[in-house]
Amino acid sequence: MKTDTQIQKDVIDELRWDPRIRDAEIAVAAKDGVVTLSGVVDSFAEKYAAEHAAQRVSGVKAIAEDVTVRLVATSLRTDADIAHAAVTALKWDIQVPDEKIKVKVEDGFITLSGDVEWKFQQDAAERAVRYLTGAKGLFDHIKVLPKRVSKLEVSGKIKDALRRTAERDADRITVEAADGRVTLKGTVRSFSERSDAEHAAWSAPGVTSVDDRILIG
């Protein structure tokens, strides 16, 4: 097991390793495997990259994020400009059903709403607007409303996917499904394997929500 001091050092090193992040402006603290990031960055994209860099470090169980986006003058855009750019970005992404998604921008914060059939479509919509110049943050209110399928079919497909992508941990994960809601339980070795299991659950047809209760240990 890593000590908090080692986790803190590894996260700092990972931030320095990622060229998208100006690590000097981000402070890192660790306690009982929970990492806190704080500081100021120039863009929402950098804030997002920092959070995901911390997630990649083994031993990290959770992340508390207190990073503020403070745009430089050259990145400032009006809400109208950001909204137009967001609509265009959604339209140009082939994975996004743009006709089903609405965009609202207020003080640089983008809010997405609407209904889609698949989780990957929601993720694609987020990705399409995440790196827009002038954006300070993103609120995703998109709902996943897929076609109904049986809970046995959902559970079976998720377990099959886990065996293909995480064979060593697949038997340590239990899947419960009811009315489109999936609950994952068990233990895996890293944050990334937990993320893989959650991704596998979202990829199953009929899933509307995933309650990830998997522990890292």
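First, a word on what this report is: a plain description of the structure on this page.

Definitions and limits used
- Residues numbered from 1 in each chain as written.
- Predicted model: local features only at pLDDT ≥ 70, side-chain atom pairs only at ≥ 80, totals over all residues.
- Heavy atoms only, no water.
- Core = buried A, V, L, I, M, F, W, Y, C linked by side-chain atoms within 4.5 Å.
- Buried < 20%, exposed > 50% of the residue type's maximum accessible area, 1.4 Å probe, protein only.
- Contact = heavy atoms within 4.5 Å.
- Pairing = 2+ DSSP bridges.
- Helix = DSSP H or I, 4+ residues; strand = E, 2+ residues; numbered from the N terminus.
- Axes fitted to C-alpha atoms, helices over the stretch in contact; angles between N-to-C directions.

**A word on the nonpolar core**
Side chains of nonpolar character tend, in soluble globular proteins, to be buried together.
Now for step 1: Counting 58 residues, the largest nonpolar core has Val11, Leu37, Ile110, Leu112, Val129 and Val182 as the members making the most contacts within it.
Now for step 2: When neighbours within four sequence positions are excluded, Ile110 is seen to be in contact with Ile82, Val103, Lys104, Val105, Val129, Leu132, Ala135, Gly137, Leu138 and Phe139.

**Section: the sheet that holds strand E3 (residues 62-69)**
Now for step 1: Reading across the sheet, the three strands line up as E1-E2-E3 and stay open at both edges, with mixed pairing between neighbours. With partners counted over all chains shown, the strands left at the sheet margins are strand E1 (26-31) and E3, one partner each. Mean inter-strand twist for the sheet, computed between neighbouring axes without regard to direction, equals 10°.
Now for step 2: Pairing of E1 with strand E2 (residues 34-41), which is carried by six bridges, proceeds in the antiparallel orientation. Along E2, the bridge assignment pairs Lys31 with Val34.
Now for step 3: The strands touched by helix H2 (residues 44-55) are E1, E2 and E3; relative to E3, the strand with the most contacts, the crossing angle is about 160°.

**Structural notes on the sheet that holds strand E6 (residues 137-144)**
Within a sheet, each strand pairs with its neighbour through backbone hydrogen bonds, oriented either parallel or antiparallel.
Now for step 1: Pairing is mixed in the open sheet, where three strands are placed in the order E4-E5-E6. On the outer flanks of this sheet lie strand E4 (101-106) and E6, each paired with one strand and no other. The mean angle between the axes of side-by-side strands here comes to 10°, regardless of whether they run parallel or antiparallel.
Now for step 2: Relative to E6, strand E5 (residues 109-116) runs parallel, the two sharing eight bridges. Paired with Gly114 across the strands is Ile142, a residue of E6.
Now for step 3: Running over the sheet, helix H3 (residues 79-92) touches E4 and E5 and is turned about 155° from E4.

Take it as geometry only, folks, not as evidence of what the structure does.
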